[in-house]
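Each chain, letter by letter, is given below.
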Amino acid sequence: MHFPKVAVVILNWNGKKYLEKFLPSVMASTYPNLEIILGDNASTDESVIFVQEQYPALRIISTFRNLGFAGGYNHVLTMVDADYYVLLNSDVEVTDNWIEPVIELMEGDPMIAAAQPKILSYKDKTQFEYAGAAGGFLDRYGYAFCRGRIFDALETDKDQYNQPSEIFWASGAAFFIKKAIWDLSGGLDHHFFAHMEEIDLCWRLKNRGYKIMYCPQGKVYHVGGGSLSVESPYKTYLNFRNNLVMIQKNLPPGKSFRIIFIRFWLDLLSLIKYLFQGNLKNALAVSKAHFYFFGNLNRNRKNISFNKTTFNAAGLYR
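Residues numbered from 1 in each chain as written. Predicted model: local features only at pLDDT ≥ 70, side-chain atom pairs only at ≥ 80, totals over all residues. Heavy atoms only, no water.

Caption draft 1: Structural context of the pairing of strand β6 (residues 112-121). Of all 10 residues making up β6, 10 are buried, and the element is well covered by its neighbours. Pairing of β6 with strand β13 (residues 211-222) involves nine bridges; the strand directions are parallel. Each residue of the ladder has a partner; that of I119, found in β13, is V220. (Buried < 20%, exposed > 50% of the residue type's maximum accessible area, 1.4 Å probe, protein only. Helix = DSSP H or I, 4+ residues; strand = E, 2+ residues; numbered from the N terminus. Pairing = 2+ DSSP bridges.)

Printed below as a string of structure tokens:
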């Protein structure tokens, strides 16, 4: 059997505790043609020293400053040669056979650009995990959700999503992509910094007609919130800002304008909800996201095109 070369790249920022806990499972991966790389995003803890001492053979590629998830991976992957990239969060525990079925699925169809395994919660391994679960979907207003997780409601894994299937976006927690397609797409949008950059990339690929897949035969366990906690106002800012930018980038102008107009009022409801909860910082984060978005309308659409004839709408819910 042919085993294309796979590079698993863990982007780390001050995540020594996660590397100590989860790197052993990654190092025990059974895929035969594998390179594991640590991309360090200018960490200020002892992450790099730990890896150098405990895993001296592991290749480390460092950035000059913290470039975020998007910029960090864009920088690191320019120095990685493989047939497939796997973008893996540092707070993920993998299983022995987590790579093989995903690569086999992707090798079987040239139109499959990216994929994810089943993502379960490390804290409760019977439940799906927030960031990816059984594959990502998008509704007509640009809201992202997953099978196995809608808003904060998590399902128990009862094998209800055990068939490989097409989805709209694959989670950045364990994101498989063909290198040739990564190069063709230009990688992640570094302006996003973090959050929703993988959804934007998948959307751009679907605008070209490619497929994004979910492969339940591969399985990983994700902690979640490793870099920014759920309550972080900066995370709120990035989520609201990047979601609007993504909609404008990936839809024709008329349609994106209509959806953004509706989203503006829905976002206002979210802002009011934060205020009623006494969460002023998150309310201000929503407002700040809108100021950024409307101040950068021209840059957001740069070099992005939507083509009705090639757009693959699988995973888009009305």
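Caption draft 2: Up close: the packing of helix α8 (residues 253-276) against helix α9 (residues 280-295). Running from N to C, α8 and α9 point in directions that differ by 160 degrees, and their axes come no closer than 7 Å. On the basis of the axis angle, α8 is roughly antiparallel to α9. Of the two elements, α8 crosses α9, and the hand of that crossing is left-handed. Residues I260, F264, D267, L271, Y274 and L275 of α8 touch α9, and the partners they reach there are L280, N282, A283, V286, S287, H290, F293 and F294. In terms of residue class, the contact of α8 with α9 is built from 10 nonpolar, three polar and one charged. (Axes fitted to C-alpha atoms, helices over the stretch in contact; angles between N-to-C directions. Parallel < 35°, antiparallel > 145°, perpendicular 65-115°, else oblique. Left-handed = near helix turned anticlockwise from the far one by under 90°. Contact = heavy atoms within 4.5 Å. Nonpolar A, V, L, I, M, F, W, Y, C, P; charged D, E, K, R; others polar.)

Caption draft 3: Structural detail: the pattern of salt bridges. For the structure on display, the rule yields 12 salt bridges. As a salt-bridge pair, K5 and E35 come within 3.3 Å of each other at their nearest N and O atoms. Separated by 30 residues along the polypeptide, K5 in the segment before β1 (6-12) and E35 in strand β2 (residues 34-40) bring together distant segments of the chain. In this structure K5 comes out as partly exposed when scored by relative accessible area, which is 28%. Between D200 and R204 there is a salt bridge, and its shortest N-O distance comes to 3.1 Å. Of this pair, D200 and R204 both sit in helix α6 (residues 197-207), four residues apart, which is roughly one turn of the helix. With relative accessibility at 0%, the residue D200 sits in the buried group. Sharing partners across several salt bridges, the network here consists of D189, D200, R204 and K249. (Salt bridge = Lys/Arg side-chain N within 4 Å of Asp/Glu carboxyl O.)

Caption draft 4: Molecular detail of the nonpolar core. Y73, V80, L87 and W182 are the most contacted members of the largest nonpolar core, which has 65 residues in total. Considering each element in turn, this core owes the most residues, seven residues, to helix α7 (residues 233-250). If we skip the residues at most four places from it in the chain, V80 touches A7, V9, I37, R59, I61, Y85 and K179. Among the nonpolar cores identified, the runner-up in size contains 32 residues, and V8, L38, A173 and C215 belong to it. (Core = buried A, V, L, I, M, F, W, Y, C linked by side-chain atoms within 4.5 Å.)

No statement about biological role is implied by the geometric values presented.
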